[in-house]
Amino acid sequence: MSVRPIFTLDSISAELERLVASAPASPSPVASGDELLDTAAAAALLGISPSTLAHWRSDGLPCPPAVRLGRRAIRYRREAVLTWAASLERAS
C-alpha cells in the first residue's frame, strides 16, 4: 500500500505565489506618519541641538514622547514631534 501525498511541491509553490500576490502591501512608515527619527533628526526638526533634546528627555522636562528600542536606542515618531511642537504654539 503506497501513500499518496496530499500536497505536491508544485501545488504548495503555486499557493504561496498566489498568497504573496494577493497580500496587501504594508504601508510605508513615512506614509503612515510613523517614521522613527533618531535624536539628531528629531532635534533638527525642532531646530534645537541633539544634546538639548537629550537633556530634556533625561531630566524629565517637557519634550516629545520617545520610543526606546533596545537598551540604548531612543527614537521619536515624526508625527509625535510635530504634534508636540504644535502644542507649544501660543494663540496670537
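Residues numbered from 1 in each chain as written. Predicted model: local features only at pLDDT ≥ 70, side-chain atom pairs only at ≥ 80, totals over all residues. Heavy atoms only, no water.

K.L.:
Sorry, what's going on with the overall build of the protein here?
P.N.:
Scanning the protein from N- to C-terminus turns up five helices and three strands. In the protein, the succession of α and β elements from N to C terminus is α-α-β-α-α-β-β-α. Considering the protein as a whole, with its 92 residues, one finds that 13% of them fall into the buried category. Long-range contacts, defined as pairs at least 24 residues apart, comprise 42% of the intrachain contacts of the protein with a sequence gap of at least 6. Accessible surface computed for the protein: about 7,400 Å², of which carbon and sulfur atoms make up 59%. (Helix = DSSP H or I, 4+ residues; strand = E, 2+ residues; numbered from the N terminus. Buried < 20%, exposed > 50% of the residue type's maximum accessible area, 1.4 Å probe, protein only. Contact = heavy atoms within 4.5 Å. Areas by Shrake-Rupley, 256 points an atom, 1.4 Å probe, with all protein chains shown as cover.)

K.L.:
Is there a simple way to think about the packing of helix α3 (residues 39-46) against helix α5 (residues 78-87) in this case?
P.N.:
Helix-helix packing is characterised by the crossing angle of the two axes and by the distance between the axes. Across the interface, α3 lies against α5 with an axial gap of 10 Å and an inter-helix angle of 35 degrees. Pair α3 / α5 crosses with right-handed handedness. Two secondary-structure elements touch here, α3 through Ala42, Leu45 and Leu46 and α5 through Arg78, Val81, Leu82, Trp84 and Ala85. Of the residues in the contact of α3 with α5, the class split is seven nonpolar, no polar and one charged. (Axes fitted to C-alpha atoms, helices over the stretch in contact; angles between N-to-C directions. Left-handed = near helix turned anticlockwise from the far one by under 90°. Nonpolar A, V, L, I, M, F, W, Y, C, P; charged D, E, K, R; others polar.)

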